Structure formats: structure tokens, C-alpha cells
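Residues per chain are reported as follows:
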Amino acid sequence: MVSYCPRMPWRPMRSWTNAYKVGAAALTLALLAVVAGCPFLASVPLAIFVALCLMAPFFHRWSFYLPIISRGNPRKKWVALTFDDGPDPLTTPKLLELLKAHGMVATFFVTGKNALAYPDLIRAILPNGHTVGNHSFSHNPLLVFKGQKAIFRDIDRTQRVLARLGVEPLVYRPPVGITYPVLRRILSRLNLVAVNFSCSARDRGNRRIHGIAERVLKKVRAGDIILLHDLRPIKQGCVADWLAEVDRLLRGVKAAGLEMVPLERLIDRPVDRRVVPAAHCASKAGLRQDNHR
């Protein structure tokens with residue numbers, strides 16, 4: 001296994017989550033209301049806390065339940081490009097050619113099921129500076145309702161599949177960016193850090209590919225982590241149309257005076273590490289065994 005000495009991110013990760021802080025503040029205010037002889041006001045801060053707990057999972061940049069990296073240092077004119085949901089045999093090879101032509105690298109947050117189905121595409125991603133992140137095995141945003149053990153198995157299975165292909169992700173992006181309380185403990189056990197995004201093309205998983213470049217370039221700022229998707233367009237356009245949009249985006253970022261840098265450089269911490277596949281039973285039999293589980 002290749003040894004890494006992780007550096008601290010430009011903004012240190014917090015040891016206490018905002019959920020603890022807000023909960024403690026709400027309880028304190030409630031107790032003060034009771035002591036002050038206004039027990040009817042005690043329910044107000046507690047109700048606000050409950051509302052925040054229900055809303056937090058759907059705000060992908062909130063470090064409410066766990067520390068989340070969603071952007072880099074805004075003091076440098078850097079941005080990073082990430083692609084979710086791949087690999088896909090119709091888009092990934094062409095996307096890699098386009099990135100190579102521009103001399104740019106990206107981070108691919110892949111699903112375990114697609115990595116298992118297309119191992120050669122993972123091997124094609126790894127050279128030329130590209131990195132790989134964990135995007136769950138099944139990409140099921142409702143996985144949280146199946147319990148902590150099911151969530152752990154889903155993320156861990158993706159780690160094992162990718163390790164057999166020569167890479168160990170150190171970052172995890174939850175499906176649709178949704179976070180929840182148990183995720184902090186699970187990611188800690190798996191040596192993963194949550195990385196979401198700050199600039200999205202709002203392409204709805206490549207269901208809305210026309211105008212991707214324009215939508216991103218209107219709002220991209222220094223320090224942004226850009227979210228796109230590496231999968232065939234759905235309902236609208238074709239792969240060529242999608243590639244043209246990505247090409248316009250890459251050119252537009254340059255024209256805006258921003259530099260596209262590797263994600264690990266933007267957030268100042270390693271995104272993955274390369275491993276020796278043999279050390280993780282990287283055999284065809286092993287992949288077939290996992291595929292039949």
C-alpha cells in the first residue's frame with residue numbers, strides 16, 4: 001500500500017458538530033425560560049432545534065451532523081471539477097479524452113455497482129492525475145431508512161471493490177448530498193471524509209444537459225467544487241451535446257481567470273491513495289464473488 005501523510009485542510013475539521021452546539025444552546029435557552037418563569041417559551045428553541053434537525057440533511061453544505069468539505073480556499077483563484085455517478089462506458093472514455101486535451105484533471109465519485117460492472121473504466125480513470133471518490137454502492141438516497149448496518153455495508157462494499165482495482169478513496173460524497181447523524185461514525189470507521197460541492201450545474205443527473213456551461217459559469221467563484229455527472233444523458237440530447245457543454249465549461253473557466261486544479265490541491269488533503277490490488281485479493285474470482293452478493 002502506498003503511504004500517505006495527510007495534511008490538514010486549509011480550514012481544520014471541527015470536533016463538535018453543529019447539531020451538538022445548537023442542541024446545547026436550545027436546551028440552555030429552554031431551561032432559562034423555565035427559570036425565568038416563562039415555561040411556555042421553553043418550547044420555542046426546542047422546536048427550532050427539531051426543525052433544523054429535519055432540514056439539515058437536505059442542505060448539502062451544512063456541517064450539521066458531521067464535518068463536510070464543500071469548497072476550498074476562496075483566497076486562491078482555484079476551482080476543482082468533480083463527476084458523480086459513473087463510470088459509464090458511453091461517457092467516461094470520451095470525457096477522459098476531453099480532459100486530457102485540456103490538460104485538466106477531475107475527481108470521479110463513482111458508485112460501487114458501476115465500478116464492479118466496468119472495472120476497466122476505473123483503471124482508465126486512475127492515470128494522468130485523476131482521483132476517485134466513494135459515491136456509495138447503490139446510489140440510494142433512501143438508504144438512511146435501512147439503518148446504520150446497511151449504510152456501512154453499502155459504503156464499505158464500494159471501498160472493497162475499488163481497492164481490488166487499485167485505489168482506496170479517502171473521500172465520500174453521499175447520494176444527492178444528503179447527510180444524516182449516523183454517517184459521521186460510519187465515515188470515521190472507514191477513514192473517509194465527507195466532500196460535497198458548492199457549485200452545481202443543476203443538470204438533474206444529466207437529464208438537463210443543455211445550458212450546463214452557462215449555468216455554472218454564471219455563478220462559479222474561486223474555491224468552488226463543481227458538480228457534474230458522468231453518465232449518459234437521459235431524455236434530452238446525446239453524449240456529443242453533453243461533451244460540447246463540458247468543453248465550453250472548461251474553456252469558460254479559463255477565460256474567467258480561474259485555474260482548474262485537482263480536488264486534493266483545492267481542499268489541501270489527499271482524495272485517494274493507490275493500493276496494490278494483489279493485497280486486496282484483486283482477482284476475477286473475487287470480483288465475481290462480490291458481484292453475486
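Residues numbered from 1 in each chain as written. Predicted model: local features only at pLDDT ≥ 70, side-chain atom pairs only at ≥ 80, totals over all residues. Heavy atoms only, no water.

## Concerning helix H8 (residues 212-219)
If you check which residues of H8 are buried, you get Ile 212, Ala 213, Arg 215 and Val 216. The buried residues of H8 all sit within an arc of 165° when viewed along its axis, so they share a single face. Those residues of H8 that are exposed and aimed more than 90 degrees away from the buried face are Glu 214 and Lys 218. Residues of H8 that are buried make contact with strand S8 (199-200), strand S9 (225-229) and helix H9 (239-255). (Buried < 20%, exposed > 50% of the residue type's maximum accessible area, 1.4 Å probe, protein only. Helix = DSSP H or I, 4+ residues; strand = E, 2+ residues; numbered from the N terminus. Arc of directions from axis to C-beta. Contact = heavy atoms within 4.5 Å.)

## What to know about unusual backbone geometry
The peptide bond linking Gly 86 to Pro 87 adopts the cis configuration, its omega dihedral lying at 0°. Among the structural elements, Pro 87 can be located in the loop between strand S2 (78-84) and helix H3 (92-102). Positive phi is not limited to glycine here, since Asn 206 has a value of about 60°. Asn 206 sits in the buried class, given a relative accessible area of 0%. Positive phi outside glycine occurs at Asp 268, with the angle close to 60°. For Asp 268, the location among the structural elements is in the loop between helix H10 (263-267) and strand S11 (272-274). For Asp 268, a relative accessible area of 25% gives the class partly exposed.

## Structural notes on the pairing of strand S3 (residues 107-110)
Here S3 shows two buried faces, one formed by Thr 107 and Phe 109 and the other by Phe 108 and Val 110. Note that S2 and S3 share three bridges and pair parallel. Pairing of Thr 82 across the sheet is with Thr 107, part of S3. As a crossover connection, the stretch from S2 through H3 into S3 is right-handed. As judged from the four bridges shared by S3 and strand S4 (residues 131-134), these two strands associate in the parallel manner. When the sheet's bridge partners are listed, Phe 109 is paired in S4 with Gly 133. (Pairing = 2+ DSSP bridges. Right-handed = clockwise from strand over helix to strand, strands pointing away.)

Everything listed here is a matter of coordinates, which is why it stays silent on function.
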